[in-house]
Amino acid sequence: MTEDPFIAHRSLLFTVAYEMLGSSADAEDVLQESWLRWADVDRAQVRDPRAYLVRTVTRQALNRLRTLSRSREEYVGEWLPEPLLTSPDVAEDVELAENVSIAMLTVLETLGPTERAVFVLREVFEMPYGEIAEAVGKSAAAVRQIARRAREHVAARRPRVPVSRSEQQAVVERFLAALRTGQLQELLDVMAPDVVLIADGGGLAAAAPAPIHGAALVAKMLARPDRVVSAVWLNGAPAGRIEIDGRVAAVSFVVENGKVTRIHAIANPQKLTRLDEPAELAR
């Protein structure tokens, strides 16, 4: 019996939805809605099930993204994407790992819904402009223009210096080791002077309400010995899991020139539900 195309492409469909929404819970809801629509389709009329399913998921994700925009504007404190536990294998696909990183998803959050959909489908999944046009309800010419603007927007905000996996891992390991010991100077040595810490508690966990700038302030906030620190892989990159008095935070890093330049700390418990089993991501 041939496997249903939806099941065969589920990892890809989840990745598309997650890239567009930055939330695994919302991505799963989109997949459920898309599955219900797929169940009613006459399969004999579908020439390319993969492309058809990606279009369906894209449309549902766009609808969800538009309804989410107001709630994210009213979010308590800083909003960060929902982290995913991933296996180190995800990092083998360098482009996929970069595009699902917390840093990239944070940049994508600054795009409008249609711009985000076009960027994700074109730059991450390399879909033809014609197929993207069908998915977002625009002409192919309009999609080309949207893609160009989105690329420029993202390029201006993403880290400019590519970092090898080995360098990223080495710097993150140094940072986590300094956190375990609570040594202030060791933390200062591994961070750039203008490092930024962004924390997301969502009003449900203690977190700085605004970004904290500067190595001295960030180190002072983090250098505490009463915490359990472990290394994990989040969104295709080396990261950390920090536990204080039973409260958990997932921490990801941007590394440039051998130093940590940005720290994303997600403490909102509603966003930490995917830290027990690695997510299946695919392009």
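For the structure, check the block above.
Residues numbered from 1 in each chain as written. Predicted model: local features only at pLDDT ≥ 70, side-chain atom pairs only at ≥ 80, totals over all residues. Heavy atoms only, no water.

**Q** Can you walk me through the overall build of the chain in this structure?
**A** Looking only at helices and strands, one finds 12 helices and six strands in the chain. Taken against the 2.2 N^0.38 rule, which gives 19 Å for 283 residues, the C-alpha radius of gyration of the chain at 20 Å falls within 12% of a compact globule. With respect to the principal axes defined by its C-alpha atoms, the chain has extents near 65 × 40 × 40 Å. Here the analysis covers contacts within the chain between residues at least 6 apart in sequence; of these, 69% occur between residues at least 24 apart. Within the structure as shown, the chain displays about 13500 Å² of accessible surface, and the carbon and sulfur contribution to it stands at 50%. (Helix = DSSP H or I, 4+ residues; strand = E, 2+ residues; numbered from the N terminus. Rg over C-alpha atoms; globule rule 2.2 N^0.38 Å. Contact = heavy atoms within 4.5 Å. Areas by Shrake-Rupley, 256 points an atom, 1.4 Å probe, with all protein chains shown as cover.)

**Q** Which parts of the structure should I look at to understand the packing of helix α8 (residues 129–136) against helix α9 (residues 140–155)?
**A** If you want to describe how two helices pack, look at the angle between their axes and the distance between the axes. One can describe the packing of α8 onto α9 by two numbers: an axis separation of 9 Å at closest approach and a directional angle of 95 degrees. It follows from the interaxial angle that α8 and α9 lie roughly perpendicular. Contacts between α8 and α9 involve Y129, I132, A133 and V136 from the first element and A140, V143, R144, A147 and R151 from the second. For the contact of α8 with α9, the residue count by class is seven nonpolar, no polar and two charged. (Axes fitted to C-alpha atoms, helices over the stretch in contact; angles between N-to-C directions. Parallel < 35°, antiparallel > 145°, perpendicular 65-115°, else oblique. Nonpolar A, V, L, I, M, F, W, Y, C, P; charged D, E, K, R; others polar.)

**Q** Whenever I open this one, the packing of aromatic side chains confuses me. Can you help?
**A** Two numbers describe a pair of aromatic rings. These are the distance of the centres and the angle of the planes. Counting across every chain of the model gives four aromatic pairs. Where F6 meets W35, the ring centres are 5.2 Å apart and the plane angle is 70 degrees; that geometry is what we call edge-to-face. In this pair, F6 sits in helix α1 (residues 5–8) while W35 sits in helix α3 (residues 24–39), placing the two residues 29 residues apart along the sequence. Taking the relative accessible area as the measure of exposure, F6 reaches 4% and is therefore buried. (Phe/Tyr/Trp six-rings, centres within 6.5 Å; stacked < 30°, edge-to-face > 60°. Buried < 20%, exposed > 50% of the residue type's maximum accessible area, 1.4 Å probe, protein only.)

**Q** When you look at helix α2 (residues 10–21) in this model, what are you seeing that I'm missing?
**A** Given 3.6 residues per turn, any residue in an α-helix points the same way as the ones three and four places further on. Between its first and last C-alpha, α2 extends 16 Å over 12 residues, near the 16 Å set by a 1.5 Å rise per residue. Those residues of α2 that are buried lie in contact with α1, α3, α4 (49–73), α5 (94–99), α6 (102–108) and α7 (113–124). Directly beyond the C-terminal end of α2, a positive phi value near 70 degrees is found at G22. (Expected span 1.5 Å × (residues − 1).)

**Q** Is there a simple way to explain the environment of D29 in this structure?
**A** If you trace the backbone, D29 turns up in helix α3. Residue D29 is classed as partly exposed on the basis of its relative accessible area of 38%. For the pair formed by D29 and Q60, sequence separation is 31 residues and the distance between their alpha carbons is 9.3 Å.

**Q** Explain the pairing of strand β1 (residues 191–200) to me, please; I cannot follow it from the model alone.
**A** The side chains of a regular strand alternate, residue by residue, between the two faces of the sheet. Of all 10 residues in β1, eight are buried; the element is thus mostly enclosed. Of the strand pairs in this sheet, β1 and strand β2 (residues 212–213) are connected by two bridges, and their pairing is antiparallel. Across the sheet, V196 pairs through a bridge with H213, a residue of β2. (Pairing = 2+ DSSP bridges.)

**Q** How should the side chain of T261 be read in this particular structure?
**A** Here T261 is to be found in strand β6 (residues 259–266). A distance of 3.1 Å separates a polar atom in the side chain of T261 from a polar atom in the side chain of E256. (Polar contact = N/O pair within 3.5 Å; in protein donor to acceptor, adjacent residues only side chain to side chain.)

**Q** How should the pattern of salt bridges be read in this particular structure?
**A** Two side chains of opposite charge can pair, provided their charged atoms sit close to one another. Throughout the structure, instances matching the rule amount to 17 salt bridges. In this structure, D29 and R64 form a salt bridge, with 3.3 Å as the shortest nitrogen-oxygen distance. Here D29, found in helix α3, pairs with R64, found in helix α4; they are 35 residues apart in sequence, far enough to count as distant. Notably, a salt bridge pairs R151 with E123, separated by 3.0 Å at the nearest N-O pair. (Salt bridge = Lys/Arg side-chain N within 4 Å of Asp/Glu carboxyl O.)

**Q** What exactly am I supposed to notice about the nonpolar core here?
**A** The nonpolar side chains of a soluble globular protein tend to be buried, and buried together. By size, the foremost hydrophobic cluster in this structure holds 50 residues, and its most contacted members are F14, L108 and L281. Elements that contribute at least two residues to this core include exactly α2, α3, α4, α6, α7, α8 and α9. A total of eight residues in this core trace back to one element, the largest contributor, which is α2. (Core = buried A, V, L, I, M, F, W, Y, C linked by side-chain atoms within 4.5 Å.)

**Q** Can you help me understand the sheet that holds β1 in this one?
**A** In space, the six strands of this open sheet follow the order β2-β1-β6-β5-β4-β3, with mixed pairing throughout. Looking at the sheet topology across the chains shown, the edges are occupied by β2 and β3 (228–234). Relative to β6, β1 is paired through six bridges, and the arrangement is parallel. Bridge assignment links A199 to a residue of β6, and that residue is A265. Together, β1, β2 and β6 form the strand contacts of helix α12 (residues 215–222), whose direction differs from that of β1 by roughly 50 degrees.

The values are spatial; any link to function lies outside them.
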